[in-house]
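# Survey of secondary and tertiary structure
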Amino acid sequence: MRVDRLAAFSDGETGGNPAGVMIADALPSAAEMQAIAAEIGYSETAFAAPLGGNHWRVRYFAPGMEVPFCGHATIALGAALALQFGDGEFALTLNDAAITVTGRRDGSTIAAALQSPPTSSTAAEPGLVADMLTLFGYTQADLDQRIPPAIADAGARHLVLALNSRAALAAMRYDFDTGRALMQAAGLVTIILIYAETAQLFHTRNPFAAGGVYEDPATGAATAALAGYLRAIGWPHAGMINIVQGEDMGMRSRLRAEIPPTHGTSIRVSGTARMLPPE
């Protein structure tokens, strides 16, 4: 069973978030997929099996858990499907949702875009916010009051914490075991820390201790959830936001989210992917 390796949401020929992609005639057992994901060691590996035509059954595994939806692994999967079967749109059946991904070859990179599951958001409980601020060594004074802390969902649950300076974002540190326990207790997949440089340009970081990864360099699911939340609070996004993620890890990644006006509807998240050499 071959696992392809791709970097999704790359910045041209560099950066991006590595993901494993296994395309097989039938999905392995859950235990086998979990073991493969742990061996690959990337933040997520996508497993896909055909359901007929351009329709695929897909599951996602992090090294430490199965996740219901993963944006960067979906982008990587779209690129891998385009490379193997030709450019096009592919229907994906996930555990709890049905989405699509497109892939189009463009020289040495592959352009890909996904349509997220529906979005929702709610205010974060003050106790959870206090615990997370303590975890990262922040205070209320570090928060951007224009974007209140929230639980945002677009196929997976994320805590949104908006910071009021790029320096605060760059200084992000936390104890992994404590963070993992807090995230698991709150049912979070990641925490998305954001800084709004402009109304349409955001810098983000994504601790992913719940999945066994300290930080994710590009997180499409969290980007979709953030975009849905910004829409819900009336942020002046003008229909689109750009995300720069992974800079502080030396893995600069670029994501784009297109935001339709109707609350709760799917977000289109796009970027490029590049093949990584076999290990």
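Attention now moves to the overall build of the chain. Tallying secondary structure elements over the chain gives six helices and 17 strands in all. A globule of 279 residues ought to have a C-alpha radius of gyration of about 19 Å, and the chain, at 17 Å, matches this closely. Overall size of the chain, expressed as C-alpha extent along the three principal axes, is 50 × 40 × 35 Å. Counting over 279 residues, the chain shows a buried share of 54%. By sequence separation, contacts in the chain at least 24 residues apart represent 65% of the contacts at least 6 residues apart. The averaged location of the 26 negative side-chain charges in the chain is 4 Å from the averaged location of its 18 positive side-chain charges.

A few words on the nonpolar core. Membership of the largest hydrophobic core comes to 62 residues, with the highest contact counts inside it found for Tyr60, Leu92, Phe202 and Ile241. The residues contacting Ile241, other than those within four sequence positions of it, are Ala199, Gln200, Phe202, Leu226, Ala227, Leu230, Leu255, Arg256, Ala257 and Ile259.

Attention shifts here to helix H2 (residues 71-85). Relative to the 21 Å expected for 15 residues at 1.5 Å per residue, H2 spans 21 Å between its end C-alpha atoms, a close match to the ideal helical length. For H2, the tally of buried residues reaches twelve of 15 residues, placing the bulk of the element in the interior. All buried positions along H2 are accounted for by Gly71, His72, Ala73, Thr74, Ile75, Ala76, Leu77, Gly78, Ala79, Ala80, Leu81 and Ala82. At the exit of H2 stands Gly86, carrying a positive phi of roughly 100°.

One pass over the full model with this rule turns up twelve salt bridges. The closest approach of N and O atoms between Glu66 and Arg59, which form a salt bridge, is 2.8 Å. A relative accessible area of 26% places Glu66 in the partly exposed class. Salt-bridge contacts for Arg205 lead to Glu215; the nearest nitrogen and oxygen are separated by 2.8 Å. Of this pair, Arg205 sits in strand S13 (residues 201-208) while Glu215 sits in strand S14 (residues 213-216), and the two are ten residues apart along the sequence. With relative accessibility at 4%, the residue Arg205 sits in the buried group.

This next bit is on the packing of aromatic side chains. The final tally for this structure, using the stated rule, is seven aromatic pairs. With centroids separated by 5.9 Å and ring planes inclined at 85°, the aromatic side chains of Phe47 and Phe61 adopt a geometry described as edge-to-face. One end of the pair, Phe47, is in strand S3 (residues 45-52); the other, Phe61, is in strand S4 (residues 55-61), with 14 residues separating them in the sequence. Taken as a pair, Phe47 and Phe61 share a single burial class, namely buried.

Here we take up the environment of Ile36. Residue placement: Ile36 occurs in helix H1 (residues 30-40). Note on Ile36: relative accessible area 16%, which makes it buried. As for Ile36 and Pro50, which are separated by 14 residues in sequence, their C-alpha atoms are 19 Å apart. Dropping the residues within four chain positions of it, Ile36 is found in contact with Met1, Val3, Met22 and Phe47.

Turning our attention to the side chain of Ser116. In this fold, Ser116 is placed in the loop between strand S8 (109-115) and strand S9 (120-123). Excluding its chain neighbours within four sequence positions, the residues that come into contact with Ser116 are Ile99, Ala154, Ala224, Ser266 and Ile267.

Moving on to the pairing of S8. Burial of S8 is extensive: six of the seven residues sit out of reach of the surface. The pairing of strand S7 (residues 98-106) with S8 spans seven bridges and is classified as antiparallel. Bridged to Arg105 within S8 is Ile110. Turn length for the S7-S8 hairpin, with the two strands adjacent in sequence and antiparallel, is two residues, and the turn residue Gly107 shows positive phi of about 70°. With seven bridges connecting them, S8 and strand S17 (residues 268-275) associate as antiparallel partners. Within the sheet, the bridge partner assigned to Ala111 lies in S17 and is Thr272.

Basis of the calculations
Residues numbered from 1 in each chain as written. Predicted model: local features only at pLDDT ≥ 70, side-chain atom pairs only at ≥ 80, totals over all residues. Heavy atoms only, no water. Helix = DSSP H or I, 4+ residues; strand = E, 2+ residues; numbered from the N terminus. Rg over C-alpha atoms; globule rule 2.2 N^0.38 Å. Buried < 20%, exposed > 50% of the residue type's maximum accessible area, 1.4 Å probe, protein only. Contact = heavy atoms within 4.5 Å. Lys, Arg positive; Asp, Glu negative; His and termini not counted. Charge placed at Lys NZ, Arg CZ, Asp CG, Glu CD. Core = buried A, V, L, I, M, F, W, Y, C linked by side-chain atoms within 4.5 Å. Expected span 1.5 Å × (residues − 1). Salt bridge = Lys/Arg side-chain N within 4 Å of Asp/Glu carboxyl O. Phe/Tyr/Trp six-rings, centres within 6.5 Å; stacked < 30°, edge-to-face > 60°. Pairing = 2+ DSSP bridges.

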